[in-house]
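Descriptive analysis of the structure
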Amino acid sequence: MKQISVFLLLLLTSITTAFAQIPDTFQWLSDGSGFRDSDGEVIMEVKLPGQTSETIVSKAQLTPKGSTTPLKIRSYTLSEKGDKILIYTNSQRVWRYDTRGDYWLLDRTNNTLTQIGKNRPESSLMFAKISPDGQKVAYVSEHNIYVEDVKGGQSKALTQDGTDRIINGTFDWAYEEEFDCRDGFRWSPDSKSIAYWQLDARKIRNFLMIDNTDSIYSFTVPVEYPKVGETPSPYRIGVVDIASAKTNWMAIPGDPQNTYVPRMEYAGNPQELVIQQLNRKQNESTLFYINTKTGKSTPFYTETDKAWIDIKSRWADSPVGWDWLNGGKEFLWVSEKDGWRHTYRVSRDGKQETLVTKGNYDMISPVLIDEKNNAYYFMASPDNATQSYLYRTKLDGTGTAERVSPAAQAGTHSYDLAPNGTFARHTFSSARIYPITEWITLATHASLDPNASVEKGMKAPQRADINIEFFKVKTADGVEADAWMVKPTNFDPTKKYPIVFTVYGEPAGSQVIDRFGTGRNRLYLGNMADDGYIYAAVDNRGTPMPKGREWRKSIYRSIGTINIRDMAMGAKAIFEKFPFVDTSRVAVHGWSGGGSSTLNLLFQYPDMFQTGIAVAAVANQLTYDNIYQERYMGLPQENLEDFVKGSPITYAKNLRGNLLYIHGTGDDNVHYQNAEMLLNELIKYNRQFQYMPYPNRSHGIYEGEGTSRHLATLFTKFLKEKCPPGAAVAGNTTGATTPSSVSGAKGTANGPN
């Protein structure tokens with residue numbers, strides 16, 4: 001045993017882990033007395049509150065027979081008895097996340113290490129899971145589901161029809177991108193069967209990306225991509241018997257080409273599944289129980305919304321899992337039906353429900369269900385939508401929410417709570433304060449180590465490294481919006497400074513959040529404040545902020561109009577509020593949806609915005625995928641005018657200022673065709689602009705040596721040339737002094753979404 005110190009630094013795991021549906025390396029012990037974690041080389045077990053640790057899986061145990069190199073741990077899973085550990089390694093990227101790799105099983109009883117699926121291609125296994133009885137491992141490889149005996153290693157294909165377009169046990173591009181659905185199969189509680197999705201993408205047309213650089217002869221890269229207005233991949237839910245490898249297909253009402261099933265689980269017993277089905281427009285949700293033997297589906301809970309219905313992955317780390325209570329007699333459900341995002345306790349038959357999170361505020365995300373202590377922990381921020389705090393209320397709905405996060409710690413909190421609610425891993429940051437992580441006793445919120453506490457970290461001088469202030473503005477339309485501003489170094493209110501807005505503007509994200517990173521521009525080489533820029537952002541209606549349903553869903557059928565109007569009027573309010581803003585030097589930049597907003601602001605409000613830098617933008621809304629665009633805009637067959645009205649290319653002829661447009665030619669998300677459609681419109685009307693395609697780069701534009709630095713250099717050079725930095729004497733708004741004469745010189749604007 002040894003005291004842990006440096007090991008604690010290894011506990012901040014990647015945020016992509018949960019979204020990728022790969023188990024986090026940080027895992028609480030079932031009794032809440034401590035946790036396990038890995039640094040990629042060993043697995044440690046740490047006991048709290050003493051923070052003592054021991055190695056439970058060593059490098060020697062992770063070294064395959066005949067090899068001198070131990071496995072590199074990407075993730076791991078323990079069997080229910082804890083006698084077996086499934087190690088995920090050698091991972092490879094599938095679209096956004098590294099969900100494909102190799103798996104090895106460590107048997108702790110005899111200390112043997114065995115590769116799972118060793119006859120399958122290297123790094124081809126996905127979402128391997130140990131059966132509840134610990135006797136088998138199931139996984140997906142090349143769109144088929146396999147099962148393998150732990151003893152003897154015999155494997156069997158449970159499906160055999162998988163192809164590049166018949167997808168078993170995982171999902172197509174659109175389900176993965178827009179529903180966060182990746183892991184597509186579930187073990188039955190008795191380990192005798194597996195329920196799984198099958199998607200038939202044969203009717204989805206390929207979008208062809210062209211690769212001009214990896215061969216003397218160019219070649220196409222096909223992506224099965226359903227554009228808005230195109231029907232989705234039809235789905236089936238099957239239950240396959242492990243012994244016979246025969247699948248029984250479930251009888252689910254509705255046209256599978258015009259509905260979605262983003263959630264499916266066993267309903268607490270092997271004889272029943274529970275699923276959520278959405279209609280094509282995603283504004284009707286129906287829950288079904290399905291008998292796994294007969295396949296019969298029975299609806300029991302229905303909800304509708306005039307705009308759209310969000311699913312679990314919009315407020316939780318993953319769409320996987322169903323929150324059962326009271327021995328399976330009740331479950332928790334999240335809805336916005338009373339105007340706020342709230343958690344309800346619903347009877348199994350769906351006929352009775354109790355509101356758990358009462359009040360005129362939004363439940364941002366659930367944290368812990370502590371049924372033993374009748375407690376429900378969740379994140380909320382009733383008084384400041386830019387921040388996030390831990391709250392607790394009674395699980396039976398009889399209580400009033402109380403704040404757990406300390407009042408003195410204003411900013412954004414996150415918590416990982418032990419199963420019994422005794423201890424927690426707490427992380428805090430704000431726009432001024434670097435992220436600080438501490439271990440706490442939840443009852444008192446006291447740090448287990450005062451020398452490594454949030455309270456002590458907040459006193460560090462690093463918090464003053466950025467001069468950011470948050471404030472509110474009211475637009476000419478009466479919309480009250482949150483905003484922030486970073487003023488130039490050695491700011492002089494008697495002078496005028498150029499302003500640069502960072503924008504996103506769509507339902508997938510917001511720029512106005514009081515957390516670390518806000519106010520910093522990773523695309524700018526140097527320091528914007530030192531160079532004499534004002535950096536700013538304004539929130540708009542339609543962002544996913546905890547301001548109630550009406551705020552979030554007022555953007556329905558209005559992407560490209562209402563959000564653009566809000567941002568423009570918010571900028572105008574800033575100009576009126578702060579006379580030190582030089583309105584002759586106004587720039588805007590954004591990426592993905594933020595790139596679309598940048599174009600729309602530059603084209604729709606050319607008198608206000610003189611310079612724009614747009615990256616990977618959706619220039620034409622009819623080019624984007626059906627799940628996202630139809631959720632927020634409806635069907636183009638019914639309201640085509642809204643798609644046209646919100647698309648930047650509609651207004652491209654209005655360009656009068658300076659535009660730099662950037663796109664990766666290998667973007668599988670926002671296709672490069674958007675760039676060429678936009679260019680054609682600009683050329684048609686003789687609008688001059690600068691343009692940078694990045695060969696074969698994806699939506700993130702990071703692949704290839706030197707890419708990130710080149711992009712930042714390009715961004716910085718263009719901004720300085722077209723929107724010169726530095727102060728100008730009040731009354732003179734025709735230009736700026738040189739920087740040297742300045743006293744102190746889907747998805748965000750700074751990256752893909």
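The model shown is predicted, which means the values in this text are computed figures rather than measured ones.

Moving on: the packing of helix α5 (residues 562-577) against helix α6 (residues 593-604). Close contact between α5 and α6 brings their axes to 10 Å; oriented N to C, the two are set at 70 degrees. The angle between the axes of α5 and α6 places the two elements in the roughly perpendicular class. Where α5 crosses over α6, the two elements pack in a sense that is right-handed. Between α5 and α6, the residues in contact are Asn 563, Ile 564, Met 567 and Ala 568 and Ser 597, Asn 600, Leu 601 and Gln 604, respectively. For the contact of α5 with α6, the per-class residue count stands at four nonpolar, four polar and no charged.

Pairing between the strands of a sheet is mediated by backbone hydrogen bonds and can be parallel or antiparallel. Here four strands make up an open sheet; going across it, the order is β25-β26-β27-β28 and the pairing antiparallel. A single partner strand is all that each edge strand has here, and the edge strands are β25 (324-325) and β28 (353-355). For strand β27 (residues 342-347) and β28, the ladder comprises three bridges, and the chain directions are antiparallel. Looking across to β28, one finds that Val 346 is bridged to Glu 353.

Its location among the elements puts Asp 514 in the loop between β39 (495-502) and β40 (534-538). Reaching out from Asp 514, the side chain makes a polar contact with the backbone nitrogen of Ala 431 at a distance of 2.9 Å. When near neighbours in sequence (up to four residues on either side) are disregarded, Asp 514 contacts Thr 386, Gln 387, Ala 410, Gly 411, Thr 412, Ser 429, Ser 430, Ala 431 and Phe 470.

Read from one edge of the open sheet, four strands run β33-β34-β35-β36, paired in antiparallel fashion. The sheet is open, and its two borders are formed by β33 (412-417) and β36 (446-447), each paired with just one other strand. Relative to strand β34 (residues 423-429), β33 runs antiparallel, the two sharing six bridges. Note on β34: the bridge partner recorded for Leu 417 is Ala 424.

Glancing now at the packing of aromatic side chains. Summed over the entire model, instances satisfying the criterion amount to 40 aromatic pairs. Ring plane angle 40 degrees and centroid distance 5.1 Å describe the contact between Phe 26 and Phe 35, whose orientation is recorded as tilted. Its relative accessible area of 4% is what places Phe 26 among the buried residues. Seen in terms of ring centroids, Phe 171 and Tyr 175 are 5.4 Å apart; in terms of plane orientation they differ by 20 degrees. Their pairing is stacked. Residue Phe 171 is classed as buried on the basis of its relative accessible area of 5%. Cluster of aromatic residues (ring-pair linked, three or more members): Tyr 289, Phe 300, Tyr 301, Trp 322, Trp 324, Phe 331 and Trp 333. Geometry around Trp 249 places Arg 236 over its ring, the cationic atom sitting 3.7 Å from the centre.

Each domain of the protein was delimited in the assignment, giving domain 1 (18-157), domain 2 (158-321) and domain 3 (468-725). Taking only C-alpha atoms, the centre of domain 2 and the centre of domain 3 are 34 Å apart. Opposite the 32 residues of domain 2 that make contact, domain 3 presents 34 residues. Contact between domain 2 and domain 3 buries roughly 2,800 Å² in total, counting both sides, with carbon and sulfur atoms accounting for 51%. A per-residue breakdown of the area domain 2 buries against domain 3 is headed by Glu 178, Val 228 and Trp 308, which together make up 27% of the total. Linking domain 2 with domain 3 are four salt bridges, by the criterion used here. Ionic pairing is found between Lys 281 and Glu 638, a salt bridge with its closest N-O pair at 2.6 Å. There are 23 residue pairs in polar contact (both at pLDDT 80 or more) connecting domain 2 and domain 3. Elements with a minimum of two residues in the side of domain 2 that touches domain 3: α2 (173-179) and β17 (206-211). For the side of domain 2 that touches domain 3, the leading source of residues is α2, giving six residues. Residues belonging to the side of domain 2 that touches domain 3 are distributed by class as follows: 16 nonpolar, five polar and 11 charged.

Calculation notes
Residues numbered from 1 in each chain as written. Predicted model: local features only at pLDDT ≥ 70, side-chain atom pairs only at ≥ 80, totals over all residues. Heavy atoms only, no water. Axes fitted to C-alpha atoms, helices over the stretch in contact; angles between N-to-C directions. Helix = DSSP H or I, 4+ residues; strand = E, 2+ residues; numbered from the N terminus. Parallel < 35°, antiparallel > 145°, perpendicular 65-115°, else oblique. Left-handed = near helix turned anticlockwise from the far one by under 90°. Contact = heavy atoms within 4.5 Å. Nonpolar A, V, L, I, M, F, W, Y, C, P; charged D, E, K, R; others polar. Pairing = 2+ DSSP bridges. Polar contact = N/O pair within 3.5 Å; in protein donor to acceptor, adjacent residues only side chain to side chain. Phe/Tyr/Trp six-rings, centres within 6.5 Å; stacked < 30°, edge-to-face > 60°. Buried < 20%, exposed > 50% of the residue type's maximum accessible area, 1.4 Å probe, protein only. Lys NZ or Arg CZ within 6 Å of the ring centre and 35° of its normal. Domains from an automatic or database assignment. Buried area = accessible area lost by both parts, 1.4 Å probe. Salt bridge = Lys/Arg side-chain N within 4 Å of Asp/Glu carboxyl O.

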